[in-house]
Number of protein chains: 10
Amino acid sequence: MALHENLKSLGAGATAYRYDRPDAGLLESFPSPFAQPDMNPAKAVGTLHIECPEFTCLCPMTGQPDFAKIVIDYQPDRLCVESKSLKLYLGSFRMHGEFHEASVNRICNDLVALLEPVWLTVRGEFTPRGGIPFWPTAEYRR
Amino acid sequence: MALHENLKSLGAGATAYRYDRPDAGLLESFPSPFAQPDMNPAKAVGTLHIECPEFTCLCPMTGQPDFAKIVIDYQPDRLCVESKSLKLYLGSFRMHGEFHEASVNRICNDLVALLEPVWLTVRGEFTPRGGIPFWPTAEYRR
Amino acid sequence: MALHENLKSLGAGATAYRYDRPDAGLLESFPSPFAQPDMNPAKAVGTLHIECPEFTCLCPMTGQPDFAKIVIDYQPDRLCVESKSLKLYLGSFRMHGEFHEASVNRICNDLVALLEPVWLTVRGEFTPRGGIPFWPTAEYRR
Amino acid sequence: MALHENLKSLGAGATAYRYDRPDAGLLESFPSPFAQPDMNPAKAVGTLHIECPEFTCLCPMTGQPDFAKIVIDYQPDRLCVESKSLKLYLGSFRMHGEFHEASVNRICNDLVALLEPVWLTVRGEFTPRGGIPFWPTAEYRR
Amino acid sequence: MALHENLKSLGAGATAYRYDRPDAGLLESFPSPFAQPDMNPAKAVGTLHIECPEFTCLCPMTGQPDFAKIVIDYQPDRLCVESKSLKLYLGSFRMHGEFHEASVNRICNDLVALLEPVWLTVRGEFTPRGGIPFWPTAEYRR
Amino acid sequence: MALHENLKSLGAGATAYRYDRPDAGLLESFPSPFAQPDMNPAKAVGTLHIECPEFTCLCPMTGQPDFAKIVIDYQPDRLCVESKSLKLYLGSFRMHGEFHEASVNRICNDLVALLEPVWLTVRGEFTPRGGIPFWPTAEYRR
Amino acid sequence: MALHENLKSLGAGATAYRYDRPDAGLLESFPSPFAQPDMNPAKAVGTLHIECPEFTCLCPMTGQPDFAKIVIDYQPDRLCVESKSLKLYLGSFRMHGEFHEASVNRICNDLVALLEPVWLTVRGEFTPRGGIPFWPTAEYRR
Amino acid sequence: MALHENLKSLGAGATAYRYDRPDAGLLESFPSPFAQPDMNPAKAVGTLHIECPEFTCLCPMTGQPDFAKIVIDYQPDRLCVESKSLKLYLGSFRMHGEFHEASVNRICNDLVALLEPVWLTVRGEFTPRGGIPFWPTAEYRR
Amino acid sequence: MALHENLKSLGAGATAYRYDRPDAGLLESFPSPFAQPDMNPAKAVGTLHIECPEFTCLCPMTGQPDFAKIVIDYQPDRLCVESKSLKLYLGSFRMHGEFHEASVNRICNDLVALLEPVWLTVRGEFTPRGGIPFWPTAEYRR
Amino acid sequence: MALHENLKSLGAGATAYRYDRPDAGLLESFPSPFAQPDMNPAKAVGTLHIECPEFTCLCPMTGQPDFAKIVIDYQPDRLCVESKSLKLYLGSFRMHGEFHEASVNRICNDLVALLEPVWLTVRGEFTPRGGIPFWPTAEYRR
Ligand SMILES: [Ca+2]
Ligand SMILES: [Ca+2]
Ligand SMILES: [Ca+2]
Ligand SMILES: [Ca+2]
Ligand SMILES: [Ca+2]
Ligand SMILES: [Ca+2]
Ligand SMILES: [Ca+2]
Ligand SMILES: [Ca+2]
Ligand SMILES: [Ca+2]
Ligand SMILES: [Ca+2]
Ligand SMILES: [Ca+2]
Ligand SMILES: [Ca+2]
Ligand SMILES: [Ca+2]
Ligand SMILES: [Ca+2]
Ligand SMILES: [Ca+2]
Ligand SMILES: [Ca+2]
């Protein structure tokens, strides 16, 4: 599977989880199969829908845990995000304090820098605090 | 978290709840992270979806309690509404008598005055009276 | 609550229900709060979504009972329909024989004549007869 | 189909619906196939579950319409209730004023008198009044 | 109810069901109330949504039964389809062998020929064969 | 409807809502129709299931609003609770501070004192605080 | 797979469907694996839950189609019912006229005669006629 | 049924399943009934919605099984895909290692080559790995 | 509210969250209102149902995050668990490595030691790993 | 985590999946924490609920793929089944031909032999074939 031969996370025996601060360096990409002419003679447009229901971080003012489902949609150009590296990246928010709007904005910007996609959106479906859920969305278009 | 350093409600030890009349002065804002160039180099557009399922006020003609889920969506320009201050603001309708349409209109106008957003909508999903639910929506666009 | 001071149905001690034929004269309106400049300085556009799951009339050919949820959506101009008067109006179909399409058409026309709205739709979600539900919709636009 | 040859309601061309008061005389029965030894050599025990989501009557004090799903379960002895006659019987409550508990009690007693079943229950799942649904159940056992 | 005085199916005492082949001659229409100026002074546009969850036919190659929910949406011009005649028409596919795509295409064409509607769609939600459901849709527009 | 002739709440033109403290004196009862031999010759056992999704009170330590669905089940002996008086009684908790377990215990004890039922249970399905819902239940049996 | 070597229906190239009357002769059985000591040294008790959502027959008085989900549960002794033969057997009711209670009773008795099970139940979840679903159940125990 | 007379898969007694690698040669087509003028005088536009919830392949790097629901939508021009041949084709991925994005891209390209449709989309709803589902979509338009 | 006057967590301005290891010392109790004769003259039996959907810990062998909903049911004797202290206690598993069965067993034992309840159960509804959710339950009875 | 120190599957870098035949030798166990007196001084009874929605095998007569959710419940005595080894064991049915009843019986017997539990049940929720799902259950009790 030549497209993935440089990936480090997937299939590795020992994974070092880092939990202290968001680390965009954990993200990895691979060449999009939609961008390979021999694999896609019909020139079909590819898109990805990704749901991460196990996101957690901390409230920056009270230190209490926050929980969310992070939903990502994008149209790749040359690159796709690798699945296990995305898991590690989202896990790196675990002990980090940040407001909902800032986390969603950060995830969007880190993925745009990695992938240079045609478009990409990130929605954070946070569970309620004080009985009220806040769900920020960040939408990038070239 | 410099963006939030002037907030009074969040994390405060003692909160004084006021229940007698809607008080827009309870609302607080903070600078939108989507509007900070260093935090958002991709210039992603931010939006917010907020659900408040625990809204209650009184019927102005009979005095009986009314219940609703208030749903707010908006695109911030420079400011976002702070979550705990929104809870206090919505709680201030508790002993106030007002028709469904007027409450939804009031919440929309109070948030527009606070945030000067790009657009903002408020929907009130009131529980049925006489077997019939009335759900008003107010839509603001610049 | 000056906007409602002429209403007869709401809060009245004794209500005379009439069940023999649809009576548009039962409908009452009140001034829309969205149309009051002092109440709506942001000029937000107001709309209403109303569900009436307890509608019943008779089949005009067999006399058997028919049941439906009537769903109304509209954008008021100067006037809103009052909730209890709408309940009485819909109740007045109880012993009346009329086909599904005609009832939905009638409710739409009666509300348009009362409210002169910007737009208004009525959908009748009738329960199945012979295993088949028929759901007519009437859409009015100025 | 000899078991049903005396039935009047089913398949009749013209049905006279009566809506003014509950009329147990509308109910009809037919011999239970579970009680015919040639049809049931295994001596299987038969039971029936019946749901009537289109029940409506009036409030005896205010005259306003009430709505319910009536759920009936029973184990027949010699007789089963015929389906169309049950529809006509429940329809006869349409313009009758009666409290929820009394209607459920009446339906239970009328069916027990007709069928002399081994056991029979009637539950009335009434839609809310004042935001509160009341669901009475009557349980008969020999 | 002058609009329906020529109907044969509805309310008739004895109905002759025919099950051997699709028979468009079973379909009947009546004048649309939306097209009567005195009934519709607001000139509301009428549409119909119809679901038929009890459709069954046979596989033309194996003879095994197929099952579907047929969903019909249309905007009538001068005529509406009568509900009981539609039931009889759909029942006439019962012992007929035809592929999914062809049945949906046939129902669409038969209804267009009967009603001359502004637009009309038919969707067949067939239950799975080999673990895979096939749902054809036919869309007619003038 | 002689069973209800002493009721004060139901159908009264003007209702005085009291919101400051739980007031068992607001509760009213009426004779159970299941206990009238002429109405219940089959001696069916009656039970009631009641859901009150619009309950709200205050937290006794922070003053913040709490919300719950109160679910009541009971088997009446001689008396049933009247529906509108139950609504007024539950509304009287609106500005009262009390822990979840104590409110549920109080409602159970007040209803047992009023009705002397065969058995009665009260469950409070409170919405989450700190992401965690607490649902107390009180079960009374003679 | 020696347990199944006498089966005729499964895997056969051409299946002759018969639709005119219920034919218990279509049913086939195979030895229960739970009854083979070498396959079940732990002496686990086996049971089967089977749902047949595509059952249809005719009303014996009007000829109109009836539809049901047939649900079968049983504890085999020496024999299990083969799946394709059960499909053919249930298909043989297609053009047969029979009341709901009688069909359910017949299916139960035919399966008991075939399998001599420890216990077996059949429930028929028929779709509504006249807005009312009737669901008979037959329960056999040795 | 002349349209299907060249089909090999449907109704064949013995089917040879191949599981080792995706084989586009398994796919078969038949002439679209929507493209036959005599069958479609109204010139209705036909579309197909197909769901394949039983798709499974292997991870190319770890060899572990992956599972998905494959959802296909298309507008045929002259040809439709035959249902049993599609099942065999999707089954041929069973022991094949391929990433999610590549499989969806492959299915889309194989169907476009077979059918030359007006448009066609393939979505793969893969079950989560590491708590995160990845759902690629490929969209072809002429 | 004398029953709660010794509580430390609830209403405190600054809460110190500890995340490194499960700390039973964080748990607090208060006297059960069901055990106070003046508050519970009917001697109703009290029980509690508690859901904690935001539980997270680490896998002790791989270090990857695990997520669960913890569900607790118990019948208090003299003491109830205080809600905010329970939140802090469950939060203290955040950076701790422990298998599912051991965590559930630990929570059950810690609560039994604190409350000496009549009975108490803990269920851990963990999200899937490798596509398979494991849900351990611990049941204590005196 | 001394209880797990002999496990081979969990956390291993390279896993060899075997797909040709069910292999009970792949199953591993670890000592139940409920059976360790120091970890469980309250002597709570532990049980496990496990769902495996990604099970697939082949039909032994036609070779077509079968799919199921396997649901396992048990009360461990001294041993629990390790989660990754269970995944590998269930994966080993992938290319094996076996009837539904026999697979469920086999899984139950293999787990009983491994764990010697107090009780254990296995249910196979197979997807429909011919429109009919068959769900066998095997129940072991000491
Ligand atoms: Ca991927
Ligand atoms: Ca909540
Ligand atoms: Ca916020
Ligand atoms: Ca209103
Ligand atoms: Ca129905
Ligand atoms: Ca019947
Ligand atoms: Ca309601
Ligand atoms: Ca019609
Ligand atoms: Ca009552
Ligand atoms: Ca929550
Ligand atoms: Ca079988
Ligand atoms: Ca097809
Ligand atoms: Ca508590
Ligand atoms: Ca999952
Ligand atoms: Ca485990
Ligand atoms: Ca299916």
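Just so we're clear, the structure is a prediction, and the values are computed from it rather than from any experiment. Every chain begins its residue count from 1, and numbering advances along the sequence as written. Chains carry letters from A onward and ligands carry numbers from 1 onward, assigned in written order. Totals for whole chains, interfaces and linings use every residue, but because this is a predicted model, local features are given only for residues with pLDDT of at least 70 and side-chain atom pairs only at 80 or more, for both listing and counting. Values shown for side chains rest on all heavy atoms present in the structure; no hydrogens or waters enter the calculation.

## Observations concerning the relation of the copies chain H and chain A
Here is step 1: Alignment of copies: least-squares fit on C-alpha atoms of residues with pLDDT of at least 70 in both copies. Least-squares fitting of chain H to chain A yields an RMSD of 0.0 Å, with the superposition described by an axial translation of 0.0 Å and a rotation of 72°. Each copy turns onto its partner about a five-fold axis.

## As for the UniProt feature "binding site: substrate" (unreviewed entry) in chain A
Residue and element names in this part refer to chain A.
Here is step 1: UniProt positions are given in the numbering used here, feature names are shortened, and annotations may be inferred rather than shown by experiment. Here the UniProt-annotated "binding site: substrate" (unreviewed entry) positions come out as Val81, Glu82, Ser83, His100 and Glu101.
Here is step 2: Strands here mean DSSP runs of E at least two residues long; helices mean DSSP runs of H or I at least four residues long; both are numbered from the N terminus. Here Ser83 lies in helix H1 (residues 83–91).
Here is step 3: Think of it in three bands: residues with accessible area under 20% of the maximum for their type are buried, residues over 50% are exposed, and the middle band is partly exposed, with areas taken using a 1.4 Å probe on protein chains only. On the accessibility criterion, His100 (13% relative accessible area) is buried.
Here is step 4: Contact criterion: two residues are considered in contact whenever any of their non-hydrogen atoms come within 4.5 Å of each other. Leaving out residues up to four positions away in the same chain, His100 has contacts with Asp66, Phe126, Phe134 and Pro136.

## Here we look at the interface of chain A and chain B
Here is step 1: If you look at the interface, chain A gives 21 residues, while chain B gives 27 residues.
Here is step 2: Accessible area that two parts lose when put together, evaluated with a 1.4 Å probe and summed over both, is termed the buried area. Of the roughly 2,100 Å² buried at the junction of chain A and chain B (both faces included), carbon and sulfur atoms supply 68%.
Here is step 3: When a carboxyl oxygen of Asp or Glu is within 4 Å of a side-chain nitrogen of Lys or Arg, the pair counts as a salt bridge. Summed over the shared surface of chain A and chain B, the number is zero salt bridges.
Here is step 4: Think of a polar contact as two N or O atoms within 3.5 Å of one another; within protein, one of them needs to be a possible hydrogen donor and the other a possible acceptor, and neighboring residues in sequence only count if both atoms come from side chains. In this assembly, chain A and chain B are joined by seven residue pairs in polar contact (both at pLDDT 80 or more).
Here is step 5: Listed by contribution, the elements that provide at least two residues to the side of chain A that touches chain B are helix H2 (100–115) and strand E6 (134–141) of chain A.

## Thoughts on the interface of chain H and chain A
Here is step 1: Taken together, the contacts link 21 residues of chain H with 27 residues of chain A.
Here is step 2: Across the interface of chain H and chain A, roughly 2,100 Å² is buried in total on both sides, 68% from carbon and sulfur atoms.
Here is step 3: Our enumeration of links across chain H and chain A arrives at zero salt bridges.
Here is step 4: By residue number, the principal contributor to the side of chain H that touches chain A is strand E6 (residues 134–141) of chain H, which donates seven residues.

## Comments concerning the pattern of salt bridges
Here is step 1: Enumeration according to the criterion identifies 90 salt bridges over all chains in this entry.
Here is step 2: In this structure, the salt-bridge partner of Glu139 of chain C is Arg141 of chain C, at a minimum N-O distance of 3.8 Å.
Here is step 3: Salt-bridge contacts for Arg142 of chain F lead to Asp77 of chain F; the nearest nitrogen and oxygen are separated by 2.6 Å. Linking Arg142 of chain F in the segment after strand E6 (134–141) with Asp77 of chain F in the loop between strand E3 (65–75) and strand E4 (79–81), this pair joins segments that are 65 residues apart in sequence.
Here is step 4: Taking the relative accessible area as the measure of exposure, Arg142 of chain F reaches 58% and is therefore exposed.
Here is step 5: Among the ionic contacts, a cluster of salt bridges with common partners joins Glu51, Lys69, Arg123 and Glu125 of chain A.

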